[in-house]
Amino acid sequence: MRIELPKNNNKDSYLDRTQLTFKDIKGFRKKIQYIWEYYHILFFTVIICAALIGGVAVSVYNNIKYETIFYCTIVNNRLTDETHQALTKDFSDYIQLNEENQILTIDNSLVIDYAENSPQQENTYYSIEKLTALFASRTVDCFISDSTVTEAYATTAGFHDLNQLLPQDLLDALSDRLVTFVAHENEDAPGVKGAYAIDITGTKFAEQYGIYLDHAYLSVIVNSEHVDSAITFIRFVFGL
């Protein structure tokens, strides 16, 4: 509470006034002013701490409550809000998602352009960093992108060989759509040729959900934790 010096500048009188206790203050409004003057910093600190603790608690609760069963990244192909929602809902229904404790994610936010002096250079750096983190944390299961970006990750052994992964009925149905690359674990390792992508260009899926890439390839991340969901997604894409 701000207390001004008396006009007569009587020091003893001033000290008497500054030494008032809370119970000495008369009037509800003055009591509130007193509390605000002396304790508002403490109040704000408590509120901020409570908000931070609450946020952490909600995050921990959500992580415990919800299980991620599928994560697909679509690169260089932004979906409209309408098609993104439709794709998420349709695959959720197809896989019989339990909304009480399961979630799936279709992330179409990333852009990668390897061209020198690309206007998307900043977005490319961000997208590569995000993908690196997602791959390292084993978050991503499926990957959809153009031929250039797919080849960059396929040739560095980022994807499963679908010849070794898919069940026989899918291999028989999709044999003409498998795309091969030579993958290298590192620069000194011999290359391993394999079917590291499926061409989904021109499919009903691509038309329905706005996959407009000239060559749209779908791959399964080599360290995916939800391979069964990824295979189910491939069945969904081709209606098999």
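Refer to the structure above for everything that follows.
Description of the structure in this document.

Parameters at a glance
For every chain, the first residue of its written sequence is number 1, and the numbers climb from 1 along that sequence. Reporting of local features is limited, given that this is a predicted model, to residues whose pLDDT is at least 70; pairs of side-chain atoms are given and counted only at 80 or more, and all residues count toward the totals for whole chains, interfaces and linings. Calculated side-chain values reflect all of the structure's heavy atoms, with hydrogen atoms and water omitted. We call a residue buried when its accessible area falls under 20% of the maximum for its residue type, exposed when it is over 50%, and partly exposed in between, using a 1.4 Å probe and counting protein chains only. Per the convention used, a helix needs a DSSP run of H or I reaching at least four residues, while a strand needs a run of E reaching at least two, with both numbered from the N terminus. Two strands form a pair only when DSSP identifies at least two bridges running between them. Only Phe, Tyr and Trp rings are paired, with Trp represented by its six-membered ring, and only when their centres lie within 6.5 Å; those with planes under 30 degrees apart are stacked, over 60 edge-to-face, the remainder tilted. Between N or O atoms, a polar contact is any pair within 3.5 Å; within protein, one atom must be a potential hydrogen donor and the other a potential acceptor, and residues adjacent in sequence are included only when both atoms are from side chains. Contacts are assigned to residue pairs with any non-hydrogen atoms lying within 4.5 Å of each other. To estimate how far a helix should extend, the number of its residues minus one is multiplied by 1.5 Å. Within this analysis, the arc is defined by the directions that extend from the helix axis to the C-beta atoms. For salt bridges, the criterion is a side-chain nitrogen of Lys or Arg within 4 Å of an Asp or Glu carboxyl oxygen.

Taking every second residue as pointing to the same face, both faces of strand β6 (residues 217-220) are buried, with Tyr217 and Ser219 on one and Leu218 and Val220 on the other. With four bridges connecting them, strand β3 (residues 142-145) and β6 associate as antiparallel partners. Bridge pairing in β6 links Ser145 to Tyr217. The sheet contact formed by strand β5 (residues 192-199) and β6 spans two bridges and is antiparallel. Bridge pairing links Ile198 to Leu218 in β6.

Evaluation of the coordinates by the stated rule reveals 15 aromatic pairs. With centroids separated by 5.2 Å and ring planes inclined at 55 degrees, the aromatic side chains of Phe91 and Phe236 adopt a geometry described as tilted. A residue pair is termed long-range when its members are at least 10 positions apart, and Phe91 in helix α3 (residues 81-94) and Phe236 in helix α9 (residues 227-238) qualify at 145 residues. Classification of Phe236 by relative accessible area gives buried; the value is 14%. Considering the side-chain rings of Tyr209 and Phe236, the 6.3 Å spacing of their centres and the 35 degrees angle between planes classify their relative orientation as tilted. Taken together, the positions of Tyr209 in helix α8 (residues 204-209) and Phe236 in helix α9 put the pair 27 residues apart, joining distant regions of the chain. Pair check on accessibility: Tyr209 and Phe236 agree, each one buried. Taken together, the aromatic side chains of Phe70, Phe91, Tyr94, Phe205, Tyr209, Phe233 and Phe236 make up a single cluster linked through ring pairs.

Glancing now at unusual backbone geometry. Generally, phi is negative for residues other than glycine and the peptide bonds are trans, each holding for most cases. For Asn76, which is not a glycine, the phi torsion comes out positive at approximately 65 degrees. For Asn76, the location among the structural elements is in the loop between β1 (67-75) and α3. Exposure remark for Asn76: the relative accessible area of 17% places this residue in the buried category. Notably, Gln96 is not glycine yet its phi reads approximately 60 degrees, a positive angle. Examined against the element boundaries, Gln96 turns out to sit in the loop between α3 and β2 (102-110). The class of Gln96 is exposed, set by a relative accessible area of 69%.

Another point: the side chain of Ser219. Along the chain, Ser219 turns up in strand β6. On the accessibility criterion, Ser219 (0% relative accessible area) is buried. A distance of 2.8 Å separates a polar atom in the side chain of Ser219 from the backbone oxygen of Tyr196. Beyond its immediate chain neighbours, meaning those up to four positions away, Ser219 contacts Asp141, Cys142, Phe143, Thr150, Phe159, Tyr196 and Ala197.

Let us now look at helix α4 (residues 121-136). Along its 16 residues, α4 runs 23 Å from first to last C-alpha, staying within 8% of the 22 Å computed at 1.5 Å per residue. For α4, every residue scored as buried is listed here: Thr124, Ser127, Leu131, Leu134 and Phe135. For α4, the arc enclosing every buried residue in end-on projection is 95 degrees, short of the 170-degree limit, so these residues lie on one face. Those residues of α4 that are exposed and aimed more than 90 degrees away from the buried face are Glu122, Tyr125, Glu129 and Ala136. After α4 finishes, the residue Arg138 shows a positive phi value of roughly 60 degrees.

Next up on the list: the pattern of salt bridges. Following the criterion strictly, the structure yields four salt bridges and no others. Between Glu225 and Arg138 there is a salt bridge whose closest N-O contact spans 3.8 Å. Residue Glu225 is located in the loop between β6 and α9, and its partner Arg138 is located in the loop between α4 and β3; the two are separated by 87 residues in the primary sequence. With a relative accessible area of 48%, Glu225 lands in the partly exposed category. Note on Arg138: relative accessible area 39%, which makes it partly exposed. Across the pair Arg235 and Asp169 runs a salt bridge whose closest N-O atoms are separated by 2.8 Å.

By the element assignment, His160 lies in the loop between α5 (147-154) and α6 (162-165). Side-chain polar atoms of His160 contact the backbone oxygen of Val222, separated by 3.1 Å. In this view, His160 contacts Leu165, Ala195, Tyr196, Val220, Ile221, Val222 and Val227; residues no more than four positions away in its chain are not counted.

None of the figures reported here should be taken as evidence of function without further support.
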